[in-house]
Amino acid sequence: MKYIDQYRRRFLGTASAAFTGLSIAPGILLQTVHAKAVDEAVTSQYRWGLLIDTNLCDPGCTDCVEACHQENGIREIHGPETDAQWIRKVTLKHKKTEHILNMPVMCQHCAEPPCVDVCPTGASFKRADGIVLVDKHICIGCRYCMMACPYKARSFIHEKLSDQLPHAPRGKGTVEACTLCVHRIDRGENTTACTQACPNGAMTFGDLKDPQSQISKKLAEHGGRELRAKLKLDTGVRYQGISS
Amino acid sequence: MSSPRYQTLTSSPAFLASLIIGFVVLGIAAIGAFNMEHEGHYITGMSNQVVWGMPHVLAIFLIVSASGALNIASIASVFNKDFYKPLARLSAVVAIALLVGGLAVILLDLGRPDRLLIAMTHYNFRSIFAWNIILYTGFIGLAGVYLWTMLDWQMEQFKRAAGIAAFSWRLILTAGTGSIFGVLVAREAYQIAIMGPMFIVLSLGYGQAFYMIVIGLFMDNKQLSEVSKRLSRLMGVMIMCGLAVSVIYHLSNWFLFDARQFELYLLNSETIFPILLWGIHPVIGCILPIWLLRSGSGLADSQKLTLSGILVIIGGISQFYALVIGGQSFPMPLVEGYSATSSFFDGAIVSYTPSLWELMLGSGGFAIALLLIVFCLRLFRLLPVSK
Amino acid sequence: MRFASFLFLLWVIPLHAGELTGPDRDANGNIVPTPKGEACVEPAEVMRREHMNLLLHKRDQTMYDGIRTKRASLNECIDCHVTPDANGKTARADDETFFCSSCHIAASVSIDCFDCHGDRPLDMIKNSGLQK
Ligand code: SF4
Ligand code: SF4
């Protein structure tokens, strides 16, 4: 059975990724910068991530959200309660100082993703390069992953859809979330729709395992914090400019 | 002690009425399920914020009750109490029926119920949910074998072993069901240390409540008068234990897990939850049935048992509603020290109102359980004959 | 399950083989849009029997390994086999005249690919104004 092989390989892949360690500190890893060839399988040589500088994120601007939803064919249907939102703009207000911060929040592409742990069928999975996806072919729509995700990153499709985009299949009764523009990454593009759309350059996309990448350099310089870091999920999306 | 004799159910009015009600409700549930399936979940009250709604409340309640319903049989075989032995067969049947009813509701609420086959063939063994699927199927099998050892005298020798196996399994199963919530580290409402044990204790009372309704409806009066006193006393103890563990749950949230904002939301806010948790659950679901079972106020035994069973179940459903819906509608913190707002209801308390479709689907679980019980009562000798 | 449907197709396809040989008609005698390209990735014989396996293999490669080559990709099938008629309209997945459905309806083998995958090429979605 071909599928079993895939499953096994996926499992081994995850195991070895965990083994290799996911340190994002600059290290002695020597890597070539160019992306994989189109017919090559993804490997744990990369770990893709995003760095978001909340200081640069404008209040009221939703360019990244619109770009994402345009890119992935997400349209308004029955209202905000049930419509999918792969990325959303969150406004934070400090409870004491009333300091205001703005930032986009999407799937954090956790290295230890609770959504993957709880998924009964294995539909939620982490690719070798750290991108967390839903295999909608085997998702049964139980929504347990949505219960488990600490960031409310996932959406359930509440109605029949049509005219999905070729690179972004989505359908009724299954769960989905930000794919980190996986179709672009597989094409070798070193960016995501949201990153590209931000007028202030508040978002940086890149390989967390490559110490020479822009994202690693910025992280090394100014640090970056995980949302709900206490849960120790080792997220692939990091934030700058949040003081406690 | 002479071995008890058993009889099948006759075509009593209660039998016919149960059949009719069972099938009507089942039909209504089918319409609800079909419509939800056809249209998608937007026609329900569920959303991307409250992802598990009324069907889950009812289904989880049924599943937890199922394991508790086996309790009467366990007292008889595992703890060797002769008094309960004649009551054991029925207890196993009620347990299986409730579990099947609950599972049917969970299944039909899936986004893709057509993928049952995938759910049965693809297992992620790190998922407590996947383990529960195995636990549930195993429970139906074990309780079935146990029932067989009770029905077939040639199997008599295996009865105790089967009883012990089923009893141990049901403990794991109930703890497993609690852990479905317990493992959700993201949410304050659910802590692994308390969810499993709490579900086990709660299951005892709720399972017995269903059992009492069944015997109240179908057991003849003479036989009932022999058992009702002991069962009533047992029920009283179970209800009190359930209430105690519920108090412990809230106290530990408050003192141990620092989930005070959440507790205030559940117990002191302008939502439905304080009504459920201060009113319906303790008063209608605990005090009233205990009073009813003790004093009885001139009701027949059958009426007492059935009525108090129904009250306990109403209380139980209220409690589960607060637990499941309350736990989801309360916002999760995103960054400590900050309050959050967004287009996706960050930082906001979300409202949930179950739609008619969900209620229809959920009631189907009860109908399936009722029909299964009635069929088994008619087919097998489950009801003890009074000496 | 898959094997059963495969056997069933083996049985059904010869039944309708006569009707299938004409270029434009499907099993039901409905007009099937002419594909855009010159030849399929495999001979028609092979495709009839193996398309599901090719697609499944490709599906898992894409999903788990990120291999997005064109061969045996469902998107390529759609680009080639879903073509507009004189009015610029295409058959939709549920229609009997839709390329996949023309056979699958006749063989009563239901597929759920189009629950999630769009049933027409990107150009046409763009033309309909749904996408920029
Ligand atoms: S953010 Fe949520 S959906 Fe994304 S990987 Fe983490 S747990 Fe899963
Ligand atoms: S909804 Fe789908 S992806 Fe999420 S846990 Fe259930 S089967 Fe897995």
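Residues numbered from 1 in each chain as written. Chains lettered and ligands numbered in written order. Predicted model: local features only at pLDDT ≥ 70, side-chain atom pairs only at ≥ 80, totals over all residues. Heavy atoms only, no water.

## Digging into empty space enclosed by the protein
Counted only if it meets this: In the cavity and pocket records, a cavity denotes points on a 1 Å grid over the protein atoms alone where a 1.4 Å probe fits but cannot get out, a pocket denotes an open set with protein on both sides within 12 Å along at least 5 of 7 lines, and lining residues are residues with an atom within 4 Å of a point. Grid points are joined across faces, edges and corners, and a volume is the space filled by probe spheres set on the points. Residue polarity follows a fixed list, in which Ala, Val, Leu, Ile, Met, Phe, Trp, Tyr, Cys and Pro are nonpolar, Asp, Glu, Lys and Arg are charged, and the others, Gly among them, are polar.
Per the counting criterion, the structure on display carries 16 cavities of 30 Å³ or more. A volume near 140 Å³ is recorded for the largest cavity. What lines the largest cavity is a set of 17 residues, and nearest its centre among them are Lys152 of chain A together with Gln49, Arg187, Gln328 and Met332 of chain B. Classifying every residue of the lining of the largest cavity gives 10 nonpolar, 4 polar and 3 charged.

## Some details on the layout of surface pockets
All names here are of chain B. Which entries qualify depends on this criterion: Helix and strand assignments come from DSSP, with helices taken as H or I runs of at least 4 residues and strands as E runs of at least 2, each series counted from the N terminus.
Estimates place the volume of the second largest pocket at around 970 Å³. Looking at the lining of the second largest pocket, the elements that each hand over two or more residues are helix 10 (260-267) and strand 2 (338-342). The greatest single-element share of the lining of the second largest pocket, amounting to 3 residues, is contributed by strand 2.

## Describing the site of ligand 2
Keep this limit in mind: Any residue with a heavy atom positioned within 4 Å of a molecule or strand is treated as near that molecule or strand.
Not every one of the 13 residues close to ligand 2 is listed here, only the nearest: Cys119, Cys139, Cys142, Arg143 and Cys145 of chain A. Taken together, the residues of the shell around ligand 2 break down into 9 nonpolar, 3 polar and 1 charged.

## Re the site of ligand 1
Taken together, Cys107, Gln108, His109, Cys110, Pro113, Pro114, Cys115, Val132, Cys149, Pro150, Tyr151 and Arg154 of chain A make up all the residues around ligand 1. Its residues placed into classes, the shell around ligand 1 shows 9 nonpolar, 2 polar and 1 charged.

## Let's talk about the confidence of the model for chain C
All names here are of chain C. Going by this rule: Known as pLDDT, the predictor's confidence for each residue is given on a scale from 0 to 100. Here, two residues are considered to be in contact whenever any of their heavy atoms come within 4.5 Å of each other.
Overall, the predicted model of chain C reaches an average pLDDT of 79, with 75% of residues at or above 70. Averaged pLDDT values over the elements of chain C bottom out at 44 in helix 2 (residues 17-21) and peak at 95 in helix 6 (residues 113-116). Across residues 13-23 the pLDDT falls below 50, and counting only partners more than four positions away or on other chains, this stretch makes 11 contacts in the model. For this predicted complex, the interface confidence reaches an ipTM of 0.93, while the overall pTM sits at 0.89.

## With respect to helix 1 (residues 13-39) of chain B
All names here are of chain B. Filter applied, for reference: Expected helix span is computed as 1.5 Å times (number of residues minus one). Relative accessibility under 20% of the residue-type maximum defines a buried residue, over 50% an exposed one, and the middle range a partly exposed one, all with a 1.4 Å probe and only protein chains included.
Taking 1.5 Å as the rise per residue, helix 1 with 27 residues should run 39 Å; its terminal C-alpha atoms sit 39 Å apart, in good agreement. Within the sequence span of helix 1, burial applies to Phe15, Ser18, Leu19, Gly22, Ala29, Gly32, Ala33, Asn35 and Met36. Buried positions along helix 1 lie against helix 4 (88-109), helix 8 (192-218) and helix 13 (356-379). Of the residues flanking the end of helix 1, it is Gly40, one or two places downstream, whose phi is positive at about 105°.

## A word on the sheet that holds strand 9 (residues 237-240) of chain A
Note on sheets: strands pair through backbone hydrogen bonds, and any given pair is parallel or antiparallel. Residue and element names in this part refer to chain A. Quick reminder of the rule: By the convention used here, strands pair only if DSSP detects at least 2 bridges between them. As a rule, the C-alpha atoms of each element are fitted with a line to give its axis, helices using only the stretch in contact, and angles between N-to-C directions run from 0 to 180 degrees.
Strand order in this open sheet of 3 strands is 8-1-9, and the pairing throughout is mixed. What marks the edges here is a single partner per strand, and that holds for strand 8 (203-207) and strand 9. Between one strand axis and the next, the sheet turns through 20° on average, direction left out of account. Inspection of the sheet shows strand 1 (residues 48-53) paired to strand 9 by 4 bridges, in the parallel sense. Paired with Leu50 across the strands is Val237, a residue of strand 9.

## Let's talk about the packing of aromatic side chains
As a reminder of what qualifies: Aromatic pairs are defined between Phe, Tyr and Trp rings, using the six-membered ring for Trp, whenever the two ring centres lie within 6.5 Å; interplanar angles under 30 degrees are classed as stacked, those over 60 as edge-to-face, and all others as tilted. Here, a charge over a ring is recorded when the distance from Lys NZ or Arg CZ to the ring centre is within 6 Å and its angle to the ring normal is within 35 degrees.
All chains considered together, the criterion is met by 26 aromatic pairs over all chains. Where Trp48 of chain A meets Phe205 of chain A, the ring centres are 5.4 Å apart and the plane angle is 10°; that geometry is what we call stacked. A residue pair is termed long-range when its members are at least 10 positions apart, and Trp48 of chain A in strand 1 and Phe205 of chain A in strand 8 qualify at 157 residues. For the pair formed by Trp48 of chain A and Phe205 of chain A, the shared burial category is buried. Put simply, the rings of Tyr144 of chain A together with Trp52, Phe61, Phe129, Phe181, Tyr190, Phe199, Tyr206, Phe210, Phe320 and Phe366 of chain B touch in pairs and so form one group of aromatic residues. The positively charged end of Arg378 of chain B is found above the aromatic ring belonging to Phe15 of chain B, 5.0 Å away from the centroid.

## Regarding the sheet that holds strand 2 of chain B
Taken in spatial order, the 3 strands line up as 3(A)-2(A)-2(B) in an open sheet, and their pairing is antiparallel. The open sheet is flanked by strand 3 (100-106) of chain A together with strand 2 of chain B, the only strands paired with a single partner. Here the strands of the sheet are splayed against their neighbours by 30° on average, with no regard to which way each runs. Bridge count between strand 2 (residues 87-94) of chain A and strand 2 of chain B: 5 bridges; the pairing is antiparallel. Bridge pairing in strand 2 of chain B links His94 of chain A to Tyr338 of chain B. Running at roughly 160° to strand 2 of chain A, helix 2 (residues 63-71) of chain A makes contact with strand 2 and strand 3 of chain A of the sheet.

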